[in-house]
Amino acid sequence: MTVIRLPVAPADRSVDAWHEVVRAAHTHDLPATVPPPGRVESAGKLRHPTPRNRAVHLAAVADDGSYDGVATLVLFDDDANRHTAFLDVLAVHPHARDRGTGAALWAAARAELTGDGRTSVSTVVERGGRGEAFARGLGFENVLPLAWYVQNVSDALAARPAEPALPGGYACAHWTGVVPDTLADALAEAHDAMRDAPSGDMDLAPRAWDAARVRASARVVEDRGGVILTSAVLHRANGAETVAAYTELVLRDPADTRALQYDTVVVPAHRGRGLGTAVKRHMMGVVAAACPGVREIGTTVADDNGPMLAVNERLGYRRERTAGYFQTTLQG
């Protein structure tokens, strides 16, 4: 077994080998109700890094040329976070486990991190399984407990057929893909409201948003072959229109039956008016009309994010499984 670093634009055979590992590991480790990743998602992540970050993809290659395991590091390029990174993937094919494959991938990943001057790294791990035991054995600690929550779209719409009434001056809007130019700055300001979201003891500084970053984040979803939907509550006062709340939904593969809810934010000045429930209920109708093949919406919520947990409960989300952000410090 040899650990290699993949090129920036890997060939189809490398994508296929990579996808075989992540799909097999997912199917082996997670409940059958959790849809596995599609090849579109795997190819997109390998060929299109997230904006303002660098990605390093590693593969443990078997003697026959197949991959026994894979890993992805995301290296943050903003000044406040150049000391840290995110381990987005570390997966070992079930047939290659208990042979040191995971340890070899981690050793290669760690060398990349320390060689780039990173002093910490975080990752998301399912709690209670082999992944957590492996991470803790490497010195990772759970710094932000969270859980996956899932909503059945048709059941939720049947239970809440009408959208809640909004206060005066507020109105719902939605779009697919990149934000309209007229709302780009306002959406960036709303994104910055995520700064007060629970982050536990993570060694990660909030990153500033501007219109360019908002557009780039949506474009990379599309470049990877996915779909991004945004629902927003707009507020008009004194002739100006702002984004009071928004939620984003992503299909990493258009064939997905489970969409992923990314950020859901209510700007502090507009909280206490039911806008979190309103914007997520509006999204339920949007995804049902725009993507009728989507049966479920999945999202993660930190255990100490009481307001969002309450919103999700009202909208019919059920707790599916537990996870957490795990983090470790590095020495050269």
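What counts and how
Note on numbering: residues in each chain are counted from 1, in written sequence order. In view of the model being predicted, local features appear only for residues whose pLDDT reaches at least 70, and side-chain atom pairs are presented and counted only at 80 or more, with totals across whole chains, interfaces and linings using the full set of residues. Note: side-chain values were computed over all heavy atoms of the structure, leaving out hydrogens and water. Only buried residues count toward a nonpolar core. Its members are Ala, Val, Leu, Ile, Met, Phe, Trp, Tyr and Cys residues joined through side-chain atoms within 4.5 Å. For the exposure calls, accessible area comes from a 1.4 Å probe over protein chains only, and a residue counts as buried if that area is under 20% of its type's maximum, exposed if over 50%, partly exposed in between. Numbering of helices and strands runs from the N terminus; a helix is a DSSP stretch of H or I covering at least four residues, while a strand is a stretch of E covering at least two. The contact criterion used throughout is that any non-hydrogen atoms of two residues lie within 4.5 Å. To get an axis, a line is fitted to the C-alpha atoms, and for a helix only the part in contact is used. The angle between two axes follows their N-to-C directions and goes from 0 to 180 degrees. Orientation categories follow fixed angle ranges, with anything under 35 degrees roughly parallel, anything over 145 roughly antiparallel, 65 to 115 roughly perpendicular, and all other angles oblique. Crossing handedness is defined as follows: a turn of the near helix away from the far one that is anticlockwise and smaller than a right angle gives a left-handed crossing, while the clockwise case is right-handed. Polar here means any residue other than Ala, Val, Leu, Ile, Met, Phe, Trp, Tyr, Cys and Pro, which are nonpolar, and Asp, Glu, Lys and Arg, which are charged; Gly is therefore polar. Pairing between strands is defined by DSSP: at least two bridges between them are needed. By convention in this document, the label disulfide applies to cysteine sulfur atom pairs within 2.5 Å. Directions pointing from the helix axis toward each C-beta atom define the arc. Throughout this description, a polar contact denotes any pair of N or O atoms lying within 3.5 Å of each other; where both atoms belong to protein, one of them has to be capable of donating a hydrogen while the other can accept it, and for residues adjacent in sequence the pair is counted only when both atoms sit in side chains. Handedness rule for crossovers: strands pointing away from the viewer, path from the first strand over the helix to the second running clockwise, crossover right-handed.

**A word on the nonpolar core**
L229, L249, V287, C291, V294 and I297 are the most contacted members of the largest nonpolar core, which totals 21 residues. For this core, the secondary-structure elements that each account for two or more residues are β6 (141-152), α5 (153-159), β9 (240-251), α8 (275-290), β11 (296-302) and α9 (306-314). Considering every element that reaches this core, the biggest residue donor is α8, with 4 residues. Once residues within four sequence positions are removed from consideration, I297 is found in contact with Y149, V150, Q151, V153, L249, A259, Q261, V287 and Y317. Residues L58, L75, A109 and V121 belong to the second largest nonpolar core, which totals 20 residues.

**Describing the packing of helix α1 (residues 12-29) against helix α2 (residues 39-47)**
Taken N-terminus to C-terminus, the directions of α1 and α2 make an angle of 120°; their axes are 9 Å apart at the nearest point. Taken together, α1 and α2 sit at an angle that is classed as oblique. Crossing geometry of α1 relative to α2 is assigned as right-handed. Across the interface between the two elements, D12, V15, D16, W18, H19 and V22 from α1 touch R39, S42, A43, L46 and R47 from α2.

**Description of the packing of α8 against α9**
Orientation of α8 relative to α9, taken along the N-to-C sense of each, is 45°, at an axis distance of 10 Å. One way to sum up the angle between α8 and α9 is to call them oblique. As α8 runs across α9, the sense of the crossing is right-handed. Judged by residue contacts, G276, T277 and K280 of α8 engage M308, V311, N312 and R314 from α9. When its residues are assigned to classes, the contact of α8 with α9 shows 2 nonpolar, 3 polar and 2 charged.

**Focus: the sheet that holds strand β10 (residues 258-266)**
Taking strand neighbours across the sheet as the criterion, the 12 strands line up as β1-β2-β3-β4-β5-β12-β6-β11-β10-β9-β8-β7 in an open arrangement whose pairing is mixed. At either margin of the open sheet sits one strand with a lone partner, and together these are β1 (2-5) and β7 (170-176). On average, adjacent strands in this sheet sit at an angle of 25° to one another, irrespective of strand direction. For β7 and strand β8 (residues 227-237), the ladder comprises 7 bridges, and the chain directions are antiparallel. Looking at the pairing, C172 lines up with V233 of β8. Strand contacts of α9: β6, β10 and β11, with the helix running at about 155° to β11, the strand carrying the most contacts.

**Some remarks on the state of the cysteines**
Under the defined criterion, the tally for this structure stands at 0 disulfides. Summary of cysteine pairing: C172 is not part of a disulfide, and the nearest cysteine sulfur, belonging to C291, is at 18 Å.

**Describing α9**
Listing the buried residues of α9 in full gives M308, V311 and N312. End-on view of α9: buried residues confined to an arc of 95°, all on one side of the axis. Buried residues in α9 make contact with β10, α8 and β11. Phi turns positive, to about 85°, at G316, one or two residues after α9.

**Examining the side chain of H282**
Position of H282 relative to the elements: it lies in helix α8. In terms of polar contacts, H282 uses its side chain to reach the side chain of H174, at 3.1 Å. Aside from chain neighbours lying at most four places away, what touches H282 is E163, C172, A173, H174 and S231.

**Focus: the pairing of β8**
Among the 11 residues that make up β8, 8 are buried, leaving the element largely enclosed by the rest of the structure. In the sheet, β8 pairs with β9 via 11 bridges, with the strands oriented antiparallel. Of the residues in β9, the one forming a bridge with V233 is A245. The antiparallel hairpin formed by β8 and β9 contains 2 residues in its connecting segment, where N238 sits at a positive phi of about 55°.

**Quick look at the pairing of β11**
Most of β11 sits out of view: 6 of its 7 residues are buried. Pairing of β6 with β11, which is carried by 7 bridges, proceeds in the antiparallel orientation. Along β11, the bridge assignment pairs W148 with T300. The pairing of β10 with β11 spans 3 bridges and is classified as parallel. Across the sheet, the residue bridging to R258 is E296, located in β11. For the handedness criterion, the β-α-β arrangement of β10, α8 and β11 is classed as right-handed.

**Some remarks on the side chain of Q327**
Assignment of secondary structure puts Q327 in strand β12 (residues 318-329). With relative accessibility at 14%, the residue Q327 sits in the buried group. With near-sequence residues (within four places) excluded, Q327 lies in contact with V121, S122, G139, F140, E141, V143, D201, M202 and D203.

Any functional reading would require information that these geometric values do not contain.
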